Each structure stands twice: as structure tokens, then as C-alpha cells.
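Okay, here's what each chain looks like letter by letter:
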Amino acid sequence: MSNPIRVTVFNEFHHENHYEPARRIYPDGIHAVIAASLKEHSYEVQTATQDQPEHGLTEDVLNGTDVLVWWSHILVDEFSDEVVERIHRRILDGMGLIVLHSGTQSKLFKKLMGTSCAIKWREADEKERIWVLAPNHPIVAGVPEYFELPEEEMYGEFFDVPPPEELVLMSWFQGGEVFRSGITYTRGKGKIFVFRPGHESLPTYYNPHVQRIIANSVGWAAPVAGTPAPAFGNAQPLEPLPQKQA
Ligand code: ZN
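This one's a predicted model, so the numbers in the text were calculated from it and none came from an experiment.

## A look at the overall build of the chain
Within the chain, the regular secondary structure consists of seven helices and nine strands. The C-alpha radius of gyration computed for the chain amounts to 19 Å, which stays within 12% of the reference 18 Å derived for 246 residues, consistent with globular compactness. By its C-alpha atoms, the chain is 80 × 40 × 40 Å across when sized along the principal axes. Within the chain, buried positions represent 50% of all 246 residues. Within the chain, contacts between residues at least 6 apart in sequence are counted, and of these 70% link residues at least 24 apart. Positive and negative side-chain charges of the chain, numbering 21 and 33 respectively, have mean locations separated by a distance of 5 Å.

## Focus on the side chain of R196
Relative to the helices and strands, R196 is located in the loop between β9 (190-195) and α7 (208-221). When its relative accessible area of 2% is taken as the criterion, R196 is described as buried. Here the side chain of R196 touches E152 through a polar contact of 3.3 Å, side chain to side chain. Sequence-distant contacts of R196, that is, excluding residues within four places in its chain, are made with H101, E128, E152, E153, M154, Y155, S171, F173, F179 and S181.

## Describing the coordination of the zinc ion
Octahedral metal centres with six donors ideally show angles of 90 or 180 degrees, and tetrahedral centres with four donors ideally show 109.5 degrees. Every protein donor of the zinc ion is listed here as H101 (NE2), E153 (OE) and H199 (ND1), and their distances to the metal cover 2.0 to 2.1 Å. Sequence spacing among the residues donating to the zinc ion works out to H-x51-E-x45-H. Linking E153 in strand β6 (residues 146-156) with H199 in the loop between β9 and α7, this pair joins segments that are 46 residues apart in sequence. Note on accessibility: E153 and H199 belong to one class, buried.

## Concerning the pattern of salt bridges
Summed over the entire model, instances satisfying the criterion amount to 14 salt bridges. Among the charged side chains, a salt-bridge network with shared partners connects E54, E59, E82 and R86.

The rules behind each value
- Residues numbered from 1 in each chain as written.
- Predicted model: local features only at pLDDT ≥ 70, side-chain atom pairs only at ≥ 80, totals over all residues.
- Heavy atoms only, no water.
- Helix = DSSP H or I, 4+ residues; strand = E, 2+ residues; numbered from the N terminus.
- Rg over C-alpha atoms; globule rule 2.2 N^0.38 Å.
- Buried < 20%, exposed > 50% of the residue type's maximum accessible area, 1.4 Å probe, protein only.
- Contact = heavy atoms within 4.5 Å.
- Lys, Arg positive; Asp, Glu negative; His and termini not counted.
- Charge placed at Lys NZ, Arg CZ, Asp CG, Glu CD.
- Polar contact = N/O pair within 3.5 Å; in protein donor to acceptor, adjacent residues only side chain to side chain.
- Donors = N, O, S within 2.8 Å, 3.2 Å for Na, K, Ca; no water.
- Salt bridge = Lys/Arg side-chain N within 4 Å of Asp/Glu carboxyl O.

See below:
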């Protein structure tokens, strides 16, 4: 049997400690609910939170991480630039990244995209209907053609990101907006999946379709064993080249 994929779930873990509606739904933090679900899918899971030294994302932790799952929101400006650089390097070197909900407003994601990543938003606990746009994609294995979250925060287009490489999921909201809610990128050797749902005071991360999509995306984003390491820099010819005339 091959080694299990090693996942680190990072969560700011601020709202659940300071805001009663979030604490009620996620008493041990959003990361605890996501980690429990990923363990059920046979991944090796650890968690990290912002208040830990180096935000729990030390060189050792990242070197032992195949896929980083990311939730952040209100403390993004207090996140260490040095740790952002460290995570960025690991992604270019092949670590997968799953960016959840407001994680799209983090320094890390903006650096990866090179754009503002700005969105439209509204907290009105309205219905979100999520449609599968890529029915043969591994991230939506076991997911129906569409599913609904009875109450979510609205994120609306335009979402200021570069054109995604793959458009996997699209959301419609009761108020009329739409949003590209499941999109993929590659940066260096790293694969990135952006998954929109997951407001801190709504029970979205208990939804079985949401849990399955996150679990599938971890499997998709994990580095593929045995793939060649690219060689950079000056290179000798593989075939003899004609000699230049003097
Ligand atoms: Zn939110």
C-alpha cells in the first residue's frame, strides 16, 4: 500500500474563539470539522492555527505536507510575510493548496494570483445552488449534478482572478448573482483548488457534498509520485550539434 497523503488544515481560528454564532457551530474550530472528515477519507491529517508559533506552518510542517487546506478571514494582515514566502516556495515545489471561502482574500492567494482577488459579497443567509460544470473531473466524483446549501454568504462576480485553468463548479444565489465557486490553477509544480462555500457562522462544512469535494480535491492536488523533477539552467545538447564554421 502506498503512503497516505499528508494533509495540513490551516485555520485562523479567530471567529470560533471570539464570535458566538461561529463558536456555536464550530466549537473546536472549522479546522477540527474539516480534519475529522479528511481522516474518514484515509488521509493523514494535522492542523495549524494562526496563534501558534509561525502560525503552525514551520519549515518542518510544510516539508511533511502534501496538501495544505486553507481557511482565513479577518487576521490576514497579521499573517507573517516570511511564512507566506515559505508556503509559496513549497507550492512551486509541488505542495497542493486548497483555498476555502474567504481564504481567497489572504496574502498567500493574492501573491499566487497576482490580482486583487476582490469579490462582491452579502451576508443574508440566502440559498446557494452549486452546479457541476466538469462532470468528468475527479474533484466532483460522487457529487450530484447540483446541490443546494440552504443558507450561505453570497459571493458574486466579477471575481478578480486570472482565468482559471479549469472551471469545475458554478454557484447561483437566491439574490441573483453567480460565482465561479470551484476553479483550479497550477503554479510551478503545485496544484491549487479554490472552493467558495464555508462562511464561519453557517454549518456548511458539515454538508456531505462539501466534505466530499474537499476530500476529492486533496487527492487531486497531492503531488504525483514518480513524476520527473524538471532541470533548469544551462543544458548540454542531447544530440551532437553541427560545429560552427570558424
Ligand atoms: Zn464569510
